[in-house]
Each structure stands twice: as C-alpha cells, then as structure tokens.
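One-letter residues, chain by chain:
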Amino acid sequence: METFSANNIELEASRRVRKDPAEDSISVARPDRHIWGIYIVLCILSVVELYSASSREVASSAIGVYGPLLRHGVMLLCGLGIILVLQRIHYRKFLMWIPLFALISVVMMLYVMLFGDVINGARRSFRLLGVSLQPSEFLKMSAAAMIALVLSVSQLQGTVKRSGVIVCAAVVLLFAAMLVPQGLTNTILLMAISISMMVIGGVPYRMLAAVLGAYIIGFLLLLGLDYLISDGGSGGLLGRMSVWMARLTSFGSDEPKYMLDLTSDNAQEMYSYMAQAHGGITGVLPGNSRETARLPLAFSDYIYSIIVEDLGLIGGVVVMLLYLWLLGRASAIAARCSRAFPALLVIGMAVTIVYQALFHIAIVTGAFPVSGQPLPLISKGGTSILITSIAFGVMLSVSRYAVRSGRRREIKAELESLPEEARAENPSQLS
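Asker: Whenever I open this one, the overall build of the chain confuses me. Can you help?
Answerer: Counting its secondary structure elements, the chain contains 16 helices and 5 strands. In the chain, the share of contacts with a sequence separation of at least 24, taken over all contacts with a separation of at least 6, comes to 72%.

See below:
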C-alpha cells in the first residue's frame, strides 16, 4: 500500500511538470507591492474626488445622493475582479490573446464609426449590456500590446528587424486613422506611446526618424483627403477641423485668461482655471468645492481641476507623482526581465496609463490645447476603468512570472516555455 501511494505521488508530480513546466520550474514572486499600492491610492482618490465632483449628477440622480458613487463603485469592483484574475495568469498566455484583442478593438471601432452614439460632435461610444463602451480606449491599449508583441519577435542581435518596425508603424497608422475623427489628442497620444516603446525596444534612431516622418505624411494625407471631400469646408471625413483650429487659436493667444469673457465655448476651460485658483496651495478639502456645480464634465474630463481645488497644489502634485511612480516601477520591473516580451509588455501598459494621465493634467492646467481625456482610474467612465484595470492586471502578471536576470536555471525554464519567436533577450540588458 505504501509503495503504491508513493508511486502515485511520483506519477502525479511528473504529470504536473509535463503539464506546465514553466510554473513548476520557475518560482512565482509576489505581485509587486508598489503597483498594488498605487492602484489602491488611486481608487481611494477616485471615490472621494468623484463624489466631490458629482454635484450636477447628484442633483438629477433618481437613485439619490449616492447614485453616481454607487455606479462608480460597481465599476471599480469589476476592475478589481479583472486585476485579481489577470495577475494569476502567466504573461506568456497573453501572446495568443493580443492579436484577438486588437481585432475585437478594430471591429468595435468600425461599428462606432458607422453606428455609434454621438458625443460632443463625434461618434464615440455604443452601449453593451447597459454599459457605455468607448472603443478608442481599447484601441490605444491594444496598439501598445501589439507593438510589444511585434518588437519582441523582431529582435535581432541588439536591434530590431526593419520588417518589425514597418509592421508597428502600419498598426499605429491604421489605428490612428480610426481615432482621428474622434479627436486629435487620442491620435497624438497613440503616436507618442508607439515612439516611446520603439525607443525602449531598441529601434535605431534612423528608423525612428523614418517612422515619425511616416506619421506626419500619413496625417497630412488624411487632412488633404478631408479637404477634398468637404470642398474646403469643415465637414468631410473628419468633421472636426473647425473645432481643432478654434482650440489651437485660443491656445496660441497671448491674451491673459483672466481678461477673456466667459462664453459657452470656453466655459469648461475658464471654470477649470477658477477651480484651480480657488484651491491655492493646500486646497479647500473634499466636499467644499465651489466650481463643481458650474464646471461641465467636472467628474470626467476636468476632474483634475476639482482635485486641485479640494487638495490644492500639493495634492495635484502628489497625484501626478503617483502616475510617474507607476512608470518608474514598471521600468524597474522591465529592466530586470530576462526576455523582451514581458519587458516591453509591462512598459507598454504603464506608458499607456501614464501618458494619458499626463495629457489630462496638461489639458486641464492649460499646458496643452483643450480636449477630452479622462484621468485613468479617477475619472468617471466604465471603459476607462476597465481598460486601466486590464493594464494593471497585466503589469502585476509580469511582476509575478517574468524571470529576473541572473537566475540561469529559471531563465532556461522560461525560455523553453515560450514560443520560439518570443524568446528574444530583453534589449535593455544587451550591451
């Protein structure tokens, strides 16, 4: 009986090794505490500041005073569930999901371009199971994931194959062409994410210059096509040219903001500046905001101005440093990865979140022309929360399962568990 039991135990152990050699041969680390800490703090800020910024919604809510907060809390709980699931999945399994995720994002975007709900003069969303989804958020993250995948399989002796760079640029141009009708900011954001990832992925500077040139030429061609379709008017394919020009003209004006008359066109911008000025250095504390009742979209595109009003300049700087801390932590994780794919994947997710946060902050503070951009995990919006949660889950997965440099036996096991095309070494570790 004892011999039979011992044999059974040995047989079961051998089956586990054959079933998943990577997980049995590689020690699993704890999820990164820094990333979890940043996520928790952002969620707390999100709940507090969203409630503070929702005066307009509270007044019209059929559920009552806590209606907007309850809806937001449900989305945060869904996001937490996504993170808890994704952090337990080995990052190598994302290899097969990335192309499918990108395809689904493209299909959703095409559907919205044709049949989506019109918001602020452009088709931006559609409803699924009672939730409003904005495919532009899916498109940005799937682009970052696709770039990570393509660059990792295109590594060649410390550089990147020309074919890989061409594929990355083609993906970005395709996605950018679909994003342009919804807004110029998303397009610029996507291109900034791609250029940053190419730099980190080891793309030579000459190729980077060529990619940047391709982006500029592609954008000019699209504008030319729009001009021909609209016969020189403001309609046509984009239908946003007049809006862009008005915003750029206002941004480039030398006239001080406090000298401008308050109009329906600049109300959001002006009330946002008033909120930040009212906050001063230390803020008026949450719940005491004066401008939240007057500022349109205070709970989404302009929530950073309410954060500064409530928590002052100090609180605004702390929020910005949280996002930069996330990027720094992702960079530290990437630098210790032995393989290119997990390194580029964790950087791609972090850059997508942080760049969007910095764009939001720059727009609200007047350092960038007016546009609509949510603050990741803090602004109200189901799509933004879901996408940000997916990015956090992927980063935590890499922090758990990616092998650190210097562990030869585990590096070998990780190498054997990956497809042959995804076994390239981390370019940041190559001399």
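From this point, the discussion proceeds with the structure in view.
Asker: Would you mind showing me how to read unusual backbone geometry here?
Answerer: A negative phi holds for most residues other than glycine; trans holds for most peptide bonds. In this structure, Leu285 takes a positive phi of about 75 degrees despite not being glycine. You can see Leu285 is positioned in the loop between helix 12 (267–279) and helix 13 (303–336). Although it is not a glycine, Leu377 adopts a positive phi angle of roughly 75 degrees. Along the polypeptide, Leu377 turns up in the loop between helix 14 (340–365) and helix 15 (382–401). Judged by relative accessible area, which is 0%, Leu377 ranks as buried.

Asker: I would appreciate a short explanation of the packing of helix 7 (residues 135–153) against helix 9 (residues 184–200) in the present structure.
Answerer: Two quantities define a packed helix pair, namely the angle between the helix axes and the distance between the axes. Put simply, helix 7 and helix 9 touch, their axes get as near as 10 Å, and they point 20 degrees apart. On the basis of their axis angle, the class for helix 7 and helix 9 is roughly parallel. Between helix 7 and helix 9 the crossing geometry is right-handed. Of helix 9, the residues touching helix 7 (which contributes Ser136, Lys140, Ala143, Ala144, Ile147, Ala148 and Leu151) are Asn186, Leu189, Leu190, Ile193, Ser194, Met197 and Met198. Of the residues belonging to the contact of helix 7 with helix 9, the class tally is 10 nonpolar, 3 polar and 1 charged.

Asker: Hey, could you run me through the confidence of the model for the chain in this one?
Answerer: Low-pLDDT portions of the prediction should not be read for the details of their coordinates. Confidence along the chain averages 82 in pLDDT terms, with 83% of residues attaining 70 or more. Across residues 1–24, confidence stays below pLDDT 50; counting only partners more than four residues off in sequence or on other chains, it has 8 contacts.

Asker: Is there a simple way to think about the pattern of salt bridges in this case?
Answerer: Opposite charge on two side chains makes pairing possible when the charged atoms of those side chains draw close. Evaluated as defined, the whole model comprises 4 salt bridges. Between Arg329 and Asp32 there is a salt bridge; the shortest N-O distance is 2.8 Å. On the criterion of sequence distance, the pair formed by Arg329 in helix 13 and Asp32 in the loop between helix 2 (21–25) and helix 3 (33–52) is long-range, its members being 297 residues apart. In this structure, Lys140 and Glu137 form a salt bridge, with 3.3 Å as the shortest nitrogen-oxygen distance. With a gap of 3 residues between them, Lys140 and Glu137 both fall in helix 7, about one helical turn apart. Relative accessible area serves as the criterion here: at 1%, Lys140 is assigned to the buried category. Classification of Glu137 by relative accessible area gives buried; the value is 6%.

Asker: What is the right way to read helix 3 from this model?
Answerer: Between its terminal C-alpha atoms helix 3 stretches 29 Å, which fits the 28 Å expected from 20 residues at 1.5 Å a residue. Listing the buried residues of helix 3 in full gives Ile35, Trp36, Ile38, Tyr39, Leu42, Cys43, Leu45, Ser46, Glu49, Leu50 and Ser52. The backbone nitrogen of His34 lies 3.1 Å from a side-chain oxygen of the residue at the head of helix 3, namely Asp32.

Asker: In this structure, what is going on with the nonpolar core? I would like to understand it.
Answerer: For soluble globular proteins, nonpolar side chains are generally found buried alongside one another. With 109 residues, the main nonpolar core has Phe392 and Met395 as its most contacted residues. In this view, Phe392 contacts Ile35, Tyr39, Leu42, Ile83, Leu326, Ile353 and Leu377; residues no more than four positions away in its chain are not counted.

Asker: Is there a simple way to explain the packing of aromatic side chains in this structure?
Answerer: Within a pair of aromatic rings, the relevant descriptors are the distance that separates the centres and the angle that separates the planes. Counted under the stated rule, the structure contains 8 aromatic pairs. Aromatic pair Tyr111 and Phe126: ring centres 5.6 Å apart, planes at 75 degrees, arrangement edge-to-face. With Tyr111 in helix 6 (residues 94–115) and Phe126 in strand 2 (residues 122–128), this residue pair connects regions lying 15 residues apart in the sequence. Overall, the relative accessible area of 12% leaves Phe126 in the buried class. Look at Phe359 and Phe368: their rings are 5.4 Å apart centre to centre, the planes differ by 50 degrees, and that puts the pair in the tilted class. Residue Phe359 is classed as buried on the basis of its relative accessible area of 15%.

Asker: Would you explain a nonpolar patch on the surface in this entry?
Answerer: A cluster of nonpolar side chains, namely Ile281, Leu313, Ile314, Val317, Val318, Leu321 and Leu324, defines an oily patch on the protein surface of about 600 Å² accessible area. Note that Leu313 resides in helix 13. Using a relative accessible area of 48% as the deciding quantity, one classes Leu313 as partly exposed.

Asker: Explanation requested: helix 9 in the structure shown.
Answerer: Turn by turn, an α-helix covers 3.6 residues, leaving residues three or four places apart pointing in a common direction. Helix length check: helix 9, at 17 residues, gives a terminal C-alpha distance of 25 Å against a target of 24 Å (1.5 Å per residue), a fit within 8%. Positive backbone phi, approximately 90 degrees, marks Gly202, located one or two places after helix 9.

Asker: Any chance you could explain the environment of Cys43 here in plain terms?
Answerer: Tracing the backbone shows Cys43 in helix 3. Cys43 sits in the buried class, given a relative accessible area of 13%. Spatially, the C-alpha atom of Cys43 lies 7.6 Å from that of Leu76, the residues being 33 residues apart in sequence. Sequence-distant contacts of Cys43, defined by excluding residues within four places in its chain, comprise Leu76 and Leu377.

Asker: I would appreciate a short explanation of the environment of Ser428 in the present structure.
Answerer: Within the secondary structure, Ser428 is located in the segment after helix 16 (408–417). C-alpha separation for the pair Ser428 and Ala340, spaced 88 residues apart in sequence, amounts to 8.4 Å. Sequence-distant contacts of Ser428, that is, excluding residues within four places in its chain, are made with Ala334 and Ala335.

Analysis parameters
- Residues numbered from 1 in each chain as written.
- Predicted model: local features only at pLDDT ≥ 70, side-chain atom pairs only at ≥ 80, totals over all residues.
- Heavy atoms only, no water.
- Helix = DSSP H or I, 4+ residues; strand = E, 2+ residues; numbered from the N terminus.
- Contact = heavy atoms within 4.5 Å.
- Buried < 20%, exposed > 50% of the residue type's maximum accessible area, 1.4 Å probe, protein only.
- Axes fitted to C-alpha atoms, helices over the stretch in contact; angles between N-to-C directions.
- Parallel < 35°, antiparallel > 145°, perpendicular 65-115°, else oblique.
- Left-handed = near helix turned anticlockwise from the far one by under 90°.
- Nonpolar A, V, L, I, M, F, W, Y, C, P; charged D, E, K, R; others polar.
- pLDDT = per-residue confidence, 0-100.
- Salt bridge = Lys/Arg side-chain N within 4 Å of Asp/Glu carboxyl O.
- Expected span 1.5 Å × (residues − 1).
- Polar contact = N/O pair within 3.5 Å; in protein donor to acceptor, adjacent residues only side chain to side chain.
- Core = buried A, V, L, I, M, F, W, Y, C linked by side-chain atoms within 4.5 Å.
- Phe/Tyr/Trp six-rings, centres within 6.5 Å; stacked < 30°, edge-to-face > 60°.
- Patch = residues over 30% accessible without salt bridge, like charges linked within 9 Å, V, L, I, M, F, W, Y side chains within 5 Å.
- Areas by Shrake-Rupley, 256 points an atom, 1.4 Å probe, with all protein chains shown as cover.

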